[in-house]
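Coordinates in review
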Amino acid sequence: MGKLDIKARNLKFSLSGEDKRNWFAGNPVATAIMDGSSILFPVGETYFINAVVHFRDRIEDPQLLAEVTAFQQQEGIHSREHRRYNNAIKAFGGDVDALEQRLRDEIATWDDNPLFKLAVTCAFEHFTAILADDLLSHPDFMAGADPEFSRIWHWHAIEEAEHKSVAFDVWNKVKPEGFKGYRMRVRAMALATRVFLGQTNYNAGALLKARGEARGWRSLASALHFMFVKPGTLRRTLGHYLAYFKPGFHPWQHDNRATVEKYKAVYEV
Ligand SMILES: [Fe+2]
Ligand SMILES: [Fe+2]
């Protein structure tokens, strides 16, 4: 099965400045949804690194070991740059630290069995992989967005696509046998779905309110339009999301190498 090389690019982004307030094409709702998901990354990606690295000594395949190292490097830099992103958006309003703490509090309630943590990581990695694929497959997704915000999201998407199977390949080496493994993977996806969509939407709502942009049903209609109509990521990715529930699923069954290669050329990375 063909894969992409995993390369950690140590990039920095300049995301501060009043001109970037509604960085997503002047659209406060789209901006708040993207910012609301960014708030999840520093804590989330640190969790993913720990969950995967826990099983390092169970891996003998040198190729997979090298991929784990590259995954760790990529997620480490993502976490650092989304921390900088989240600090930059504080100027626009919203208690970013409190929203981040909400995720920590949520994680504290989860089963901390290392196998379940790995299954949760696989589920979130599937989310990031399908969102990345949607962004990279639709060049107009971020039309009109601030170039630096567009760049950080495209860079992140490229690297999420590159490492999309690492946690899953580790999972396949260590997972519980038979139906027990499948059941754990599905249970983890149910949790990841609830938390990813629930916290992103909650964060977006809190940011809109703090930024003085909450306008009741108008904001809701705008959010639904963003998610289901244009760009309509949740509608477009539904089939891809559901593929995760196939017993023999593997992330590279969806071969999007050509799409990612095209963007690497655009961004010269
Ligand atoms: Fe990441
Ligand atoms: Fe990732």
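Quantities reported herein were computed from a predicted structural model and do not represent experimental measurements.

Four donors placed tetrahedrally around a metal ideally meet at 109.5 degrees, and six donors placed octahedrally ideally meet at 90 or 180 degrees. Protein-derived ligands of the iron ion (ligand 1) are Glu45 (OE), Glu75 (OE), His78 (ND1), His156 (NE2) and Glu160 (OE), with the metal-ligand distances lying across 1.9 to 2.3 Å. In primary-sequence terms, the residues that donate to the iron ion (ligand 1) follow E-x29-E-x2-H-x77-H-x3-E. Separating the iron ion (ligand 1) from the iron ion (ligand 2) is a distance of 3.8 Å, and Glu75 supplies a donor atom to each of them. Note that His156 and Glu160 are positioned in helix H6 (residues 147-162) at a spacing of four residues, about one turn of the helix.

This paragraph deals with the coordination of the iron ion (ligand 2). For the iron ion (ligand 2), the protein coordination sphere consists of Glu75 (OE), Glu125 (OE), Glu125 (OE), Glu160 (OE), Glu160 (OE) and His163 (NE2), at 2.0 to 2.8 Å. All donor residues of the iron ion (ligand 2) come from one chain, and their arrangement in sequence is E-x49-E-x34-E-x2-H.

Right, let's talk about the nonpolar core for a bit. Counting 41 residues, the largest nonpolar core has Trp23, Phe24, Met34, Tyr85, Met142, Trp153 and Phe226 as its most contacted members. Contributing elements (two or more residues each) for this core: helix H1 (28-38), helix H3 (62-89), helix H4 (96-107), helix H5 (114-137), H6, helix H8 (178-210), helix H9 (217-228) and helix H12 (257-267). If one sorts the elements of this core by residue count, H6 sits on top with seven residues. In this view, Met34 contacts Trp23, Phe24, Tyr85, Met142, Trp153 and Phe226; residues no more than four positions away in its chain are not counted. Core analysis: the second largest hydrophobic core is formed by 40 residues, Leu103, Phe116, Ala119 and Leu191 among them.

The next subject is unusual backbone geometry. Here Lys230 and Pro231 are connected by a cis peptide whose omega angle stands at 0°. Along the chain, the position of Pro231 falls in the loop between H9 and helix H10 (233-236). Even without a glycine there, the phi angle at Ala25 is positive, about 55°. Tracing the backbone shows Ala25 in the segment before H1.

Below, the discussion takes up H3. Given a rise of 1.5 Å per residue, 28 residues ought to cover 40 Å, and the 41 Å separating the end C-alpha atoms of H3 matches this to within 8%. For H3, the capping residue at the N-terminal end is Asp61, with a side-chain oxygen 3.0 Å from the backbone nitrogen of Gln63.

The next subject is H8. For H8, which comprises 33 residues, the first-to-last C-alpha distance of 48 Å matches the rise-based estimate of 48 Å (1.5 Å per residue) to within 8%. Looking at the residues trailing H8, positive phi occurs at Gly212, about 70°.

All right, on to the environment of Trp153 then. Structurally, the position occupied by Trp153 is in helix H6. Accessibility expressed as a relative area gives 8% for Trp153, which makes it buried. Spatially, the C-alpha atom of Trp153 lies 19 Å from that of Leu207, the residues being 54 residues apart in sequence. Beyond its immediate stretch of four places on either side in the chain, Trp153 contacts Trp23, Met34, Ser37, Ser38, Phe41, His82, Tyr85, Leu135 and Met142.

Turning to the packing of aromatic side chains, a few remarks are in order. Within this structure, the stated rule accounts for 21 aromatic pairs. Aromatic pair Phe13 and Trp155: ring centres 5.0 Å apart, planes at 45°, arrangement tilted. With Phe13 in the segment before H1 and Trp155 in helix H6, the pair connects residues that are 142 residues apart, well separated along the chain. Both residues of the pair, Phe13 and Trp155, belong to the buried class. The structure contains a cluster of three or more aromatic residues connected by ring pairs, namely Trp23, Phe24, Phe41, Tyr85, Phe141, Phe149, Trp153 and Phe226. Its end group placed over the ring of Tyr202, Arg102 keeps NZ or CZ at 3.5 Å from the ring centre.

Cut-offs and rules
Residues numbered from 1 in each chain as written. Chains lettered and ligands numbered in written order. Predicted model: local features only at pLDDT ≥ 70, side-chain atom pairs only at ≥ 80, totals over all residues. Heavy atoms only, no water. Donors = N, O, S within 2.8 Å, 3.2 Å for Na, K, Ca; no water. Helix = DSSP H or I, 4+ residues; strand = E, 2+ residues; numbered from the N terminus. Core = buried A, V, L, I, M, F, W, Y, C linked by side-chain atoms within 4.5 Å. Buried < 20%, exposed > 50% of the residue type's maximum accessible area, 1.4 Å probe, protein only. Contact = heavy atoms within 4.5 Å. Expected span 1.5 Å × (residues − 1). Polar contact = N/O pair within 3.5 Å; in protein donor to acceptor, adjacent residues only side chain to side chain. Phe/Tyr/Trp six-rings, centres within 6.5 Å; stacked < 30°, edge-to-face > 60°. Lys NZ or Arg CZ within 6 Å of the ring centre and 35° of its normal.

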